[in-house]
Amino acid sequence: MNDKKVKGKIQSPEDRVTNYKEVELGYTPKQAIEEASRCLHCANPRCVQGCPVSIAIPEFIKAIKEDNLKKAYQIITESSSLPAVCGRVCPQEKQCESLCIKGLRGESISIGSLERYVADQAIINNFSSAKPKTKNGKRVAIVGSGPAGLTCAGDLAKAGFSVDVYEILHKAGGVLTYGIPEFRLPKSIVEKEVNSLKKLGVKIYTDVPIGNALSLNELSEDYDAVFLGTGAGLPKFMGIKGEDANEVFSANEILTRINLMGGFKKDAKTPIKKGKKAYVIGGGNVAMDAVRSLKRLGIDAHLMYRRSEEELPARKMEVEHAKEEGIKFDLLTNPVEILVDENNSVIGMKVVDMMLGEIGEDGRRSVIEKPKSLHEVKCDMVVMALGTSPNHGALKNSKIKLTDRGLIDVNNTKTNLKNVYAGGDAVTGAATVILAMEAGKKAAKEIMEDIL
Amino acid sequence: MIVYKVLYNKQLNKDSWEMEIKAPLVVKNCMPGQFVILMAKEDSERIPLTIYDFDRKKGLLKVIYQVIGGSTEELTYVKDEIFSVSGPLGNANEICADPKKYLGKRICYIAGGVGIAPVYPQVKYLKENGIDCDVIYGARNVELLLIRDECEKIVNKISYATDDGSYGTKGFVTDILKERINDYDIVVAIGPVIMMKNVVALTKKFGIDTIVSMNPLMVDGSGMCGACRCEVDGKPRFACIHGPEFDGFKVDFDLALKRMKIYHEEEAEKWEMMKKKLSKEKR
C-alpha cells in the first residue's frame, strides 16, 4: 500500500469549472507526514540530480517527517527562491519524481506536493528563509521579474548584493503573474513569494520598460552587473487567412486579461470577450491554461491540436484536469483558414485532418495533412497558443549579440557585453519556469564569481 | 513601487482632459511619438496615451485624454496620485529621432481632435532642432479644438478646419491640404482612423510620404498580447513595439476600423458599471 502516492484534496470538476480558485488544495499535516514517511532517504539520491536547482530533497522530506517545517523550509530556500511556485508548476514527473527509486515499483514520492506543503506552511506561519549575508557594496540590476529574474535576485540578495529589479508591467512576477492562471497558481502566492524577496532587501521597480526608460548601456554603466531575464513574450500566429479577424486572440491576450487584469471577476474594469464556442489552437501548457480559463467563463471550449494526445507537450496532469472539466479535444486537426462575416467577426474555421508520420530530427513524430479532409467547423472565437518568442525591446540600441535563432547569445550566462548576463526564455526560447529559475541561479553564481 | 504625484487633472472641454504627472524615469529619455500606459487604480484598465508634453529637468509628463468609456471616465477622478504610469513605450517619431536627416524638408502635420496632443511635442521638438513645420488641425467644432494657444506659440503656420465652420475653414483637414498639396515633402497625420485614411488617400495620389500614428486596442503595450496588431504592408505588426507610427501608404485602415469594435458591447456594459461606481466618488 506504501506503493501509492498520498493524494491531497482536490476541487471536484463540477465545482471548479464555475470558479477560478485553485484546483489542488494541497496536503493536510497528516497527509504530508504520511507521504514523507514513504521516502527511503537514499544515500545517493537520484531525485536531486533531476532537480534543476538541486534542492536537498531527502533532507527536507526528513524534516517534514520530524514535523520540523521551519527546518524543511530553510533547506528548500537554500536552493530555491520560489518554492510555493515550483511546488505547483514544476513538471516534477519529468524531473525529480521521474528518477525517484520508489517509482520503479509503484509510484514515486510526491516531491512537488511536499515542497508546496512546506512553502504554504511557511507563508501561513511567516517562516523566514535563509538569512542574507552582510552587504558587499555591489549593485546588480535585473531586467524582468519573471522566474529567472526573481531567482537571480534572490540568490544575489542572500549573498549580500544590492539588487534592483525592473519590470515593465505594473505587477511583478512575469509569466507567473500574467500567464499561469489563478486555478493553477494563485496570485496571492506569487505576491507572497515576491514579498519574501523584498524582505531580503530586493527593490522592485514596476512600470519601467528597459530599452526605453533606461537603456541597457545606462544600466551596465550604473551597476556592477546586469542580468537580462526578459523571457519570451512575443506571441506567434499561424499566418493563415482570416487571422486578423476580431475574435482571433493570442493565448497571451486572453490570459493577460484574465490573470493580470482580473478579467474573470464580474466587476473587472478590463473587458474579456465571451464567445459561445471557442477553439484554442495548440497543445502546450499555455493552450491548456487558456482553454480551461475560457471554460470557466462559461464558453464551450475546445482544444485543437495537430498531433495526437500522446504528443501533447502539456503536462499529463493538466491534460487530465482539462478532460475532467469537460474540455473537448479535437486532435489530429489543423486550421487552414479562419472564416469571417462582413464585420470581420469569426464565424468558423476551415480545418484539415492530420496524420502522424515518421519520427523527425527533433525527435517528434512528423505530421502530414490527410488528403481530401478539408471541412468546416463553426465557432465565434479562436485563440492561438502556438508558443512565444523573445521580445528584445530591452536591448534597443545595444550591441548585444544574438544567435541565428534570434536568442541572446551567451557563454554559460555571459553575453558579449561587459558585465551583462542573461538567462531563461530570452536565451533558450520558450521553456519552463524551473529552467528559467535554474538559469537565474547559474547567472547569480557567475556574477558572484566575476565581481566579488 | 514608484509613487506618481498628479500636479493637476483639468477639464479642457466637454470630454477632453489634461493631466500633469511627476514621472522622472518616464521622461528621462522619452521622445515625441512614444506613449505611456496609465492606470487610475490598482484594479483599473491599462490606458495607452501618446505623450503630449514633457519637462526632463522637472521630471514632468503631460497627457491629454478624451473620455470615451468607463476607464477614461475613471481617469477624470484621479487626483493627487495615480497608480501606474508605464513608459515610455513604442518608438520615437522617425523625423524627431533623426532631425538632421530632414533639414530643409517641407513637413506638414495634420491633427484631428485629440490627435493634436501627440502632434504638439513633435512640432515643438523639430522647431528646437531647426525644422519649422506647418500644422493643419481639424475638429467637429470650435469647442473641440484643443491647446490652440500652446500650438500657436510654436507653429509658423497653423490652419484650422471645423465640420460646422465654427472656426477656420468649414470642412475637413483634407480640404485645406488639397489646396497646398504641392507645398510639402512629408505629411504626418495623427487623429481618428478615418481621418488618417482620408489623408493618405489624398497624399498617395500625389506621392507625398505620409506617416500615421495608430491607436488600436492595447493591453500590456510591451509586445506580449498582440491585441494591437495592425496590418502593415500585408503583415501583422504590433502598434506597441513596431509602432505606433507606420508608413501610411502601407496601413490597412479598413481593418483597423473594424478591429476597434472588438469589445464594443463589453465596453458599453463596463461604462454603465463604472458610472455607478464613480457616482459615489468625488472629483
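Residues numbered from 1 in each chain as written. Chains lettered and ligands numbered in written order. Predicted model: local features only at pLDDT ≥ 70, side-chain atom pairs only at ≥ 80, totals over all residues. Heavy atoms only, no water.

Right, let's talk about the overall build of chain B for a bit. A tally of helices and strands in chain B yields 10 helices and 17 strands. Relative to a compact globule of 283 residues, whose C-alpha radius of gyration would be 19 Å, chain B shows 18 Å and is just as compact. For chain B, the spread of C-alpha atoms along the three principal axes comes to 55 × 40 × 40 Å. Each of the 283 residues in chain B was classed as buried or not, and the buried ones make up 59%. The long-range fraction of contacts in chain B, counting pairs at least 24 apart against all pairs at least 6 apart in sequence, stands at 64%. When the accessible surface of chain B is split by element, carbon and sulfur atoms take 50% of a total near 12200 Å². (Helix = DSSP H or I, 4+ residues; strand = E, 2+ residues; numbered from the N terminus. Rg over C-alpha atoms; globule rule 2.2 N^0.38 Å. Buried < 20%, exposed > 50% of the residue type's maximum accessible area, 1.4 Å probe, protein only. Contact = heavy atoms within 4.5 Å. Areas by Shrake-Rupley, 256 points an atom, 1.4 Å probe, with all protein chains shown as cover.)

Before going further, it helps to spend a moment on the interface of chain A and chain B. Of the residues lining the interface, 45 residues belong to chain A; the matching set on chain B comes to 47 residues. Summed over both sides, the interface of chain A with chain B buries roughly 3900 Å², with 53% coming from carbon and sulfur. At the junction of chain A with chain B, the criterion picks out 4 salt bridges. A salt bridge links E74 of chain B to K269 of chain A, with the nearest nitrogen and oxygen atoms 2.5 Å apart. At the junction of chain A with chain B, the criterion picks out 29 residue pairs in polar contact (both at pLDDT 80 or more). Of the residues that constitute the side of chain A that touches chain B, the class distribution is 19 nonpolar, 12 polar and 14 charged. (Buried area = accessible area lost by both parts, 1.4 Å probe. Salt bridge = Lys/Arg side-chain N within 4 Å of Asp/Glu carboxyl O. Polar contact = N/O pair within 3.5 Å; in protein donor to acceptor, adjacent residues only side chain to side chain. Nonpolar A, V, L, I, M, F, W, Y, C, P; charged D, E, K, R; others polar.)

All names here are of chain B. Read across the open sheet, the 5 strands follow the order β5-β6-β2-β1-β7; overall the sheet is antiparallel. Either end of the sheet is taken by a strand with one partner, and the two such strands are β5 (53-55) and β7 (81-82). Bridge count for β5 against strand β6 (residues 60-66) is 3 bridges, and the pairing is antiparallel. Counted as the bridge partner of D53 is K62 from β6. (Pairing = 2+ DSSP bridges.)

As a further point, take unusual backbone geometry. With an omega of 0°, the peptide bond running from G87 of chain B to P88 of chain B counts as cis. Mapped onto the fold, P88 of chain B is located in strand β8 (residues 84-89). With omega at 5°, the peptide bond leading from G243 of chain B into P244 of chain B counts as cis. By the secondary structure assignment, P244 of chain B is in the loop between α8 (239-242) and β17 (245-247). The residue S54 of chain A is not glycine, and still its phi comes out positive at about 50°. Relative to the helices and strands, S54 of chain A resides in the loop between α3 (46-49) and α4 (57-65).

With that out of the way, let us pick up the domain arrangement of chain A. Residues and elements named next belong to chain A. Under the domain assignment used here, chain A contains domain 1 (9-125), domain 2 (139-233 + 390-451) and domain 3 (235-388). The straight-line distance from the C-alpha centre of domain 2 to that of domain 3 is 30 Å. Taken together, the contact pairs 14 residues of domain 2 with 14 residues of domain 3. Contact between domain 2 and domain 3 buries roughly 1300 Å² in total, counting both sides, with carbon and sulfur atoms accounting for 55%. Among the residues domain 2 hides against domain 3, the three largest losses belong to Y178, F183 and R184. Together they make up 44% of the total. Along the contact surface separating domain 2 from domain 3 lie 2 salt bridges. A salt bridge links E318 to R184, with the nearest nitrogen and oxygen atoms 3.5 Å apart. For the interface between domain 2 and domain 3, the tally reads 6 residue pairs in polar contact (both at pLDDT 80 or more). (Domains from an automatic or database assignment.)

A few words on helix α9 (residues 147-158) of chain A. Residues and elements named next belong to chain A. Counted at 1.5 Å a residue, the expected span for α9 with its 12 residues is 16 Å, and the 16 Å between its end C-alpha atoms agrees. Judged by how many residues are buried, α9 sits mostly within the fold: 12 of 12 residues are covered. When we look at burial in α9, the residues that qualify are P147, A148, G149, L150, T151, C152, A153, G154, D155, L156, A157 and K158. Of the residues one or two after α9, G160 is the one with positive phi, at around 100°. (Expected span 1.5 Å × (residues − 1).)

Residues and elements named next belong to chain A. Pairing of strand β12 (residues 333-340) with strand β13 (residues 346-359) involves 7 bridges; the strand directions are antiparallel. Paired with N334 across the strands is V352, a residue of β13. The antiparallel pairing of β12 with β13 creates a hairpin that spans 5 residues between the two strands, and N344 there sits at a positive phi of about 70°. Two strands pair when backbone bridges link them, and β13 and strand β15 (residues 375-378) are joined in this way by 4 bridges, in the antiparallel orientation. Counted as the bridge partner of G348 is K378 from β15. The antiparallel hairpin formed by β13 and strand β14 (residues 365-369) contains 5 residues in its connecting segment, where G363 sits at a positive phi of about 80°.

Turning our attention to the side chain of R307 of chain A. Residues and elements named next belong to chain A. Summarising the element assignment, R307 is placed in the loop between β10 (300-305) and α15 (316-324). Buried and unpaired, R307 has no salt bridge, with D362 as the nearest side chain of opposite charge at 4.8 Å. Within the structure, the side chain of R307 is placed 2.8 Å from the backbone oxygen of R365, a separation counted as a polar contact. Those residues in contact with R307, other than ones at most four positions away along the chain, are L331, L332, L356, R364, R365, S366 and V367. (Lys, Arg positive; Asp, Glu negative; His and termini not counted.)

Attention now goes to the domain arrangement of chain B. Residues and elements named next belong to chain B. The assigned domain composition of chain B is domain 1 (4-91 + 263-278) and domain 2 (94-213). The distance between the C-alpha centroids of domain 1 and domain 2 comes to 24 Å. Listed per partner, the contact involves 14 residues of domain 1 and 15 residues of domain 2. Three residues, N13, P32 and Y52, lead the burial of domain 1 against domain 2; their summed loss comes to 40% of the area buried on that side. Joining domain 1 to domain 2, the criterion identifies 1 salt bridge.

Counting 70 residues, the largest nonpolar core has I57, F60, I64 and I447 of chain A as its most contacted members. Counting residues per element, this core draws most heavily on helix α17 (residues 433-451) of chain A, which supplies 8 residues. A domain-level breakdown of this core finds at least three residues from each of domain 1 (9-125) and domain 2 (139-233 + 390-451) of chain A. Apart from residues no more than four positions distant in its own chain, F60 of chain A is found in contact with I55, A72, I75, I76, I111, L114, E115 and V118 of chain A. Formed by 35 residues, the second largest nonpolar core is a distinct cluster that contains Y184, V193, M195 and V232 of chain B. (Core = buried A, V, L, I, M, F, W, Y, C linked by side-chain atoms within 4.5 Å.)

All names here are of chain A. As summarised here, the arrangement of the 5 strands in space is β5-β4-β3-β6-β18, forming an open sheet in which the pairing is parallel. Two strands close off the open sheet at either side, each with one partner strand: β5 (203-205) and β18 (420-422). Between one strand axis and the next, the sheet turns by 20° as a mean value, whatever way the strands run. The sheet contact formed by strand β3 (residues 139-143) and strand β4 (residues 162-166) spans 5 bridges and is parallel. Each residue of the ladder has a partner; that of V140, found in β4, is V163. In the packing of α17 onto the sheet, the strands contacted are β3, β6 (225-228) and β18, and the crossing angle to β6 comes to about 165°. (Axes fitted to C-alpha atoms, helices over the stretch in contact; angles between N-to-C directions.)

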